[in-house]
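These are the residues of each chain, in order.
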Amino acid sequence: MFEALPQEGFLPDVVWQHRVATGAVTPVDRTGESARWTGAADSDDPLVTQWDDGTHQGLEPGRVASSSASAPSVVAAMLKDLDVRPGQRVLEVGTGTGWNAALLAHRLGPGAVTTVEVDPALADAARMSLERHGLGEVTVVCGDGFAGYEPGAPYDRIIATCGVRTVPAAWLEQCRPGGRIVVPWGTAFTRLEATAQLTACPDGQSASGLFTGLVQFMSLRAQRQTEPAYADYVTAESREKAEQGTTTLTLDDSFGQEWDIGRFVLGLLIPSCTVLFDAPQDGRRPVWLCGLGADRSWACVLFRDDGDEAPSTVYQYGDRRLWDEAERAHAWWRDHGEPGLGQPGLTVDRHGQHTWLRTPSEPLPAFAGRP
């Protein structure tokens, strides 16, 4: 499929190449840098195609990336998880450039693919690209993918190319019993997500499956999350009343690297909490944990960044002792053999979302509150 429909036929003239290994985001303009642009289009790097919901102008990166072309290896992995078969009908949430919808349509034929894009300009551009490639039979809907697209339901497969924190009930309702939902799913803990491969149960009331790969996607716009504001948490009163302690865990022990499964699993075990990694200061690397919603609990760990093996200092404040929760969650993960991908899973039903280990009958614990 990739050879028949190269990605470059769906990209705008200006893209921003995101080199995941370094975090660098570099603009590439086809008009003046055709060779570099082709190199970016042929690479396995994600390419930002829109900033700030389309209000951004110029070549410098904007504030918030709002649409992108995913790395081709991620596209291939998610399509493998989707496992489409001839005769099936697919709903895609997050049209973007239209390339993913084109690949599906190339495999399934006319009238089989419906794709929903919330941004009118992106929807129009994708529609034109699809028509230019002889795939005008793809139904491109401009709307909120949170609601799916009921007129085309039921679907045998549903795939989201945007990250979610909560799988919308509409997707369950619009998926055929026995069908499959593939979605980048994560918690508020960090931006790290995992692809959930969910099978809709015969009763149509739930879907369940394992996490198959670590990913990072732009969030479904209806579920975007803003970072906590420092001043809302660390007040003069909270500084004065914060409890001081120590930890022997290192930064790598507790949180690992950006793409470590342990970091994702911690997010499953510590509900309603987000972690912020501060810049190094005077031989220390501050890491903050903040309660969400009405909770203003916080913890700050000053991890040693100087090679000294002495314990790191911890400050905690609020109804929850968030670092204590993190230590207990880390100990649980270690004691259970540090389970990786293919072991944690997710069940979604009308009562909410439930994570588990190896089987839905083994729910993951929630380390919230004092032991």
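Residues numbered from 1 in each chain as written. Predicted model: local features only at pLDDT ≥ 70, side-chain atom pairs only at ≥ 80, totals over all residues. Heavy atoms only, no water.

K.L.:
Can you walk me through the side chain of Glu117 in this structure?
P.N.:
Note on placement: Glu117 falls in strand β6 (residues 113-117). It turns out Glu117 is buried and unbridged, and the closest side chain with the opposite charge, Arg221, is 4.9 Å from it. At 3.3 Å, the side chain of Glu117 and the backbone nitrogen of Thr95 are in polar contact. Among the polar contacts listed, one links the side chain of Glu117 to the backbone nitrogen of Gly96, at a separation of 2.9 Å. Not counting residues up to four positions away in its chain, the partners in contact with Glu117 are Gly94, Thr95, Gly96, Leu122, Ala123, Val141, Cys142 and Gly143. (Helix = DSSP H or I, 4+ residues; strand = E, 2+ residues; numbered from the N terminus. Buried < 20%, exposed > 50% of the residue type's maximum accessible area, 1.4 Å probe, protein only. Lys, Arg positive; Asp, Glu negative; His and termini not counted. Salt bridge = Lys/Arg side-chain N within 4 Å of Asp/Glu carboxyl O. Polar contact = N/O pair within 3.5 Å; in protein donor to acceptor, adjacent residues only side chain to side chain. Contact = heavy atoms within 4.5 Å.)

K.L.:
What is the right way to look at the packing of helix α9 (residues 261-269) against helix α10 (residues 322-335) in this model?
P.N.:
Think of two packed helices as two axes; the pair is described by the angle between the axes and how far apart they sit. Taken N-terminus to C-terminus, the directions of α9 and α10 make an angle of 120°; their axes are 10 Å apart at the nearest point. Classed by the angle they form, the pair α9 and α10 counts as oblique. In this structure, α9 meets α10 at a crossing whose hand is right-handed. Contacts between α9 and α10 involve Ile261, Gly262, Val265, Leu266 and Leu269 from the first element and Ala326, Ala329, His330, Trp332 and Trp333 from the second. Counted by class, the contact of α9 with α10 contains eight nonpolar, two polar and no charged residues. (Axes fitted to C-alpha atoms, helices over the stretch in contact; angles between N-to-C directions. Parallel < 35°, antiparallel > 145°, perpendicular 65-115°, else oblique. Left-handed = near helix turned anticlockwise from the far one by under 90°. Nonpolar A, V, L, I, M, F, W, Y, C, P; charged D, E, K, R; others polar.)

K.L.:
Just checking my understanding: could you explain the sheet that holds strand β5 (residues 90-93) for this structure?
P.N.:
Pairing between sheet strands relies on hydrogen bonds along the backbone, with the strands arranged either parallel or antiparallel. On the basis of which strands lie adjacent, the open sheet formed by nine strands has the order β7-β6-β5-β8-β9-β10-β11-β17-β18 and mixed pairing. A strand with exactly one partner marks an edge of an open sheet, and here the two such strands are β7 (139-142) and β18 (352-357). Across the sheet, the mean angle from the axis of one strand to that of its neighbour is 20°, orientation sign disregarded. As judged from the five bridges shared by strand β11 (residues 206-215) and strand β17 (residues 344-349), these two strands associate in the antiparallel manner. Directly across from Ser208, in β17, lies its bridge partner Thr347. Across the sheet, helix α3 (residues 99-108) touches β5, β6 and β8 (155-160), and the angle it forms with β6 is around 170°. Against the sheet, helix α4 (residues 120-132) makes contact with β6 and β7, and its axis sits at roughly 170° relative to β7, the strand it touches most. (Pairing = 2+ DSSP bridges.)

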